[in-house]
Amino acid sequence: MLSDNIGREGSRLTFAGHDVTALAETYGTPLYLMDEGRIRRNCRMYLQAFRSSFGGDSLPLYASKAASFKQMYRIMAQEGMGVDTVSSGEIFTALSAGFPPERMVFHGNAKTDSDIRYAVSVGVGVFVVDNEEELLALNREAGQQGIKQKVLLRITPGIDPHTYDAVNTGMVDSKFGVAVETGQAKAFVAQAIGLENLLVRGVHCHVGSQVFEEDVFQRTVDIMVRFMAQIRDELGYTLRELNLGGGYGTRYLESEKEQDIPARIAEVAQRLREQCEKHAFPLPRVLMEPGRSIVADAGMTLYTVSSVKRIPGYKSYVAVDGGMTDNPRYALYGSRYTVYHAEKDGGTEAVFDLVGRCCESGDIIQPEVHLPENTCRGDHIAVCTTGAYNYSMASNYNRIPRPPVLMLTGEGEYLAVKRESLEDLCAFDL
Ligand code: LLP
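Along each chain, residue indices are assigned from 1 in the same order as the chain's sequence is written. Per-residue local features are limited, in this predicted model, to residues with pLDDT of at least 70; the limit for side-chain atom pairs, both in listing and counting, is 80 or more; totals at the level of whole chains, interfaces and linings are taken over all residues. Water and hydrogen atoms play no part in the side-chain values, which are based on all heavy atoms of the structure.

Participant: Mind showing me how you'd approach empty space enclosed by the protein here?
Facilitator: Over the atoms rolls a probe the size of a water molecule, and in doing so it shows where empty space is left. A pocket here means an open set of points on a 1 Å grid, computed over the protein atoms alone, that has protein on both sides within 12 Å along at least five of seven lines. A cavity is instead a set of points where a 1.4 Å probe fits but cannot get out; residues with an atom within 4 Å of a point line either one. Grid points are joined across faces, edges and corners, and a volume is the space filled by probe spheres set on the points. Evaluated as defined, the whole model comprises three cavities of 30 Å³ or more. There is about 60 Å³ of room inside the largest cavity. Y32, L33, M34, A67, F69, T386, G387, N390, Y391 and V405 are the residues that line the largest cavity. Among the elements that line the lining of the largest cavity, the one with the most residues is strand β4 (residues 31-35), at three residues. Class assignment for the residues of the lining of the largest cavity results in seven nonpolar, three polar and no charged. For helices the rule is a DSSP run of H or I covering at least 4 residues; for strands it is a run of E covering at least 2, with both sets numbered from the N terminus onward. Amino acids outside the nonpolar list (Ala, Val, Leu, Ile, Met, Phe, Trp, Tyr, Cys, Pro) and the charged list (Asp, Glu, Lys, Arg) are all regarded as polar, and Gly is one of them.

Listed below in structure tokens is the structure:
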């Protein structure tokens, strides 16, 4: 199986030790499942790796855009993680769950005045400032509210992480941050340290998502430490914090290799020590923002088959009761997934396109999946590794209610997000 939280008992698929068909029958489909133990294990893996590689004051921040709902923030608070937020909505959700604002980082390349006012007023710990206009607006707002706001400055290191275009963010021409290569980053820091209501703690960068290339973060460290040393030498200001963003990739297919994240982090720490030594720069406090690698493999989506269509000489379809509304990632990025039949195993297989119920041909969850030949209406299908960027990117296209999120534990299961009703769909219509 793809991951050690997926199994079979006889022909029945299990996830986190639970019979998924029984869950589908009890809670209905489409249904997002989340393995709470796996989320916690992934957090602890990061916390432990950070402690041993970067030392006690380092902190992994969960990038909550990957899956944002109140229970996720409660789990992150319990595990001692920080969180990365990108909107007033994520901040509000985190606060509603009791997450401490001082352990939040606020991102975004287009923060509005009201976002800034709200985040300052609730005491968000650190702003990652993306651009000059935001810098000035934040300085003004912090002054009005009578505080000195801690900030990191988002720097674009000019690194190509060789992942897919929609998530490449570290290149010089990115819409995010300010580029080192053009000299603008140095001017940005110089301007920021001169502003009276801001406390510039350090710099931030994020090069991309679903990163597998082994030396991407090391190359990023080279550029960032060189830049920090340049700032010290030329501006006489020491940047004490380095946030390297998120991006460690997750395995979606059995043919892909597993990534040893603690080993990667140890290599990054080693490179950081070397670079700091080379530039005689004090070791900064290190932060990172993993999203996908915390929650992706903790997720699975269950569907019920609506129809099986065979077009002789062409192709066959299995159509299910969800689709691009609960998982737009194949439609957007051509993302790959592993798909299992929940009740039938062994026997003759056939190749099907797994498609959704939306009224457009692009509504494909995954093309060319191998499923039992005798798959039929009423069967259940499981799509694996859907914990990241599925619920958080879901929509109501075609007025389809969003599925619930069911958390699975060793003792049982509980709903973290309830299923939307037809009435919910009209809740804002006047
Ligand atoms: N930090 C920053 C500033 C980010 O922009 C992101 C992701 C992360 C951290 C977390 O990256 P992760 O560890 O999850 O790779 N919707 C796309 C992914 C977009 C990622 C956006 N930024 C997808 O479904 O693949």
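Participant: Even after reading the chapter, I still don't get the environment of G247, so can you show me in this structure?
Facilitator: Within the secondary structure layout, G247 lies in the loop between β12 (241-243) and α9 (261-278). Take G247: its relative accessible area is 10%, and that puts it in the buried class. G247 sits 162 residues away from T409 along the chain, and the two C-alpha atoms are 27 Å apart. Only protein chains enter the accessibility calculation, which uses a 1.4 Å probe; a residue whose area is less than 20% of its type maximum is buried, one above 50% is exposed, and one in between is partly exposed.

Participant: Whenever I open this one, the site of the ligand confuses me. Can you help?
Facilitator: Near the ligand you find 21 residues, and of these Y164, S209, E289, R329 and Y389 are the closest. G247 places a main-chain nitrogen or oxygen 2.9 Å from an oxygen atom of the ligand. Between Y333 and the ligand, the recorded distance is 2.9 Å, taken from a side-chain N or O atom to a nitrogen atom. Put plainly, a molecule is in a cavity or pocket when over half of its atoms are within 2 Å of the grid points there. Because more than half of its atoms lie within 2 Å of the grid, the ligand is assigned to the largest pocket. Taken together, the residues of the shell around the ligand break down into seven nonpolar, eight polar and six charged. For this description, a residue counts as near a given molecule or strand if any of its non-hydrogen atoms is within 4 Å of it. The definition of a polar contact used here is a pair of N or O atoms within 3.5 Å, where within protein one atom must be able to donate a hydrogen and the other to accept one, and adjacent residues in sequence count solely through side-chain atom pairs.

Participant: Please explain the confidence of the model for the chain as it appears in this structure.
Facilitator: Parts of the model with low pLDDT should not have their predicted coordinates read in detail. Per-residue pLDDT for the chain averages 97, and the proportion of residues at 70 or more is 100%. On a range of 0 to 100, pLDDT expresses the predictor's confidence in each residue. No element of the chain has a lower mean pLDDT than strand β10 (residues 178-179), at 94, and none a higher one than β4, at 99.

Participant: Just checking my understanding: could you explain the packing of aromatic side chains for this structure?
Facilitator: To describe a pair of aromatic rings, you give the distance between the ring centres and the angle between the ring planes. Ring pairs are drawn from Phe, Tyr and Trp, using the six-membered ring of Trp, whenever the two centres fall within 6.5 Å, and their geometry is named by plane angle: stacked under 30 degrees, edge-to-face over 60, tilted for the rest. According to the stated counting rule, one finds seven aromatic pairs in the structure shown. Between F106 and F127 the ring centres are 5.3 Å apart and the planes differ by 70°, which places this aromatic pair in the edge-to-face class. Separated by 21 residues along the polypeptide, F106 in strand β7 (residues 104-106) and F127 in strand β8 (residues 126-129) bring together distant segments of the chain. Judged by relative accessible area, which is 0%, F127 ranks as buried. On the numbers, 5.5 Å between centres and 90° between planes, the contact of Y252 with Y337 is edge-to-face. Of the two residues, Y252 sits in the loop between β12 and α9 while Y337 sits in the loop between α11 (329-333) and β16 (339-341), which places them 85 residues apart along the sequence. Using a relative accessible area of 3% as the deciding quantity, one classes Y252 as buried. A residue is classified by how much of its surface remains accessible, and Y337, at 2% relative accessible area, is buried. Members of the aromatic cluster, each reached through a chain of ring pairs, are Y32, F69 and Y391. If you follow K111 out to its NZ or CZ, it ends over the ring of F106, 5.3 Å from the centre. Lysine and arginine charges are scored as sitting over a ring when NZ or CZ, respectively, is within 6 Å of the ring centre and within 35 degrees of the ring normal.

Participant: Would you mind showing me how to read the layout of surface pockets here?
Facilitator: When its volume is computed, the largest pocket comes out at roughly 720 Å³. What lines the largest pocket is a set of 35 residues, among which K65, V167, F176, H206 and Y389 lie closest to the centre. When residues of the lining of the largest pocket are traced back to their parent elements, those giving at least two are α10 (292-295) and α11. The residue makeup of the lining of the largest pocket, split by class, is 11 nonpolar, 16 polar and eight charged. What the second largest pocket holds in volume is close to 420 Å³. Contributing to the lining of the second largest pocket are 21 residues, with R38, N42, E258, Q259 and D297 lying nearest its centre.

Participant: So what exactly am I meant to see when it comes to the nonpolar core here?
Facilitator: In a soluble, globular protein the nonpolar side chains are often hidden away together inside. Remark: nonpolar core denotes a set of buried residues (Ala, Val, Leu, Ile, Met, Phe, Trp, Tyr, Cys) joined through side-chain atoms within 4.5 Å. Counting residues in each nonpolar core, the largest one holds 98 residues, and the members touching the most others are I39, Y62, M76, L153 and V295. Of all the elements, helix α8 (residues 216-235) adds the most residues to this core, at 10 residues. Whether two residues are in contact is decided by their heavy atoms: any pair within 4.5 Å suffices. When near neighbours in sequence (up to four residues on either side) are disregarded, V295 contacts M34, I39, Y62, A66, A67, M72, G387 and A388. With 17 residues, the next largest nonpolar core counts F15, V20, L31 and C384 among its residues.

Participant: Hey, could you run me through the packing of helix α5 (residues 113-122) against helix α6 (residues 132-144) in this one?
Facilitator: Interaxial distance between α5 and α6 falls to 10 Å at its minimum, and their mutual angle equals 45°. With respect to their mutual orientation, α5 and α6 come out oblique. Pair α5 / α6 crosses with right-handed handedness. On α6, the residues touching D113, I116, R117 and V120 of α5 are E134, A137, L138, E141 and A142. For the contact of α5 with α6, the class distribution of residues is five nonpolar, no polar and four charged. Angles here are taken between N-to-C directions and fall from 0 to 180 degrees, while the axes themselves are lines fitted to C-alpha atoms, restricted in helices to the stretch in contact. The scheme is simple: roughly parallel for angles under 35 degrees, roughly antiparallel for over 145, roughly perpendicular for 65 to 115, oblique for anything else. Left-handed describes a crossing whose near helix is turned anticlockwise from the far helix through less than a right angle; right-handed describes the clockwise counterpart.

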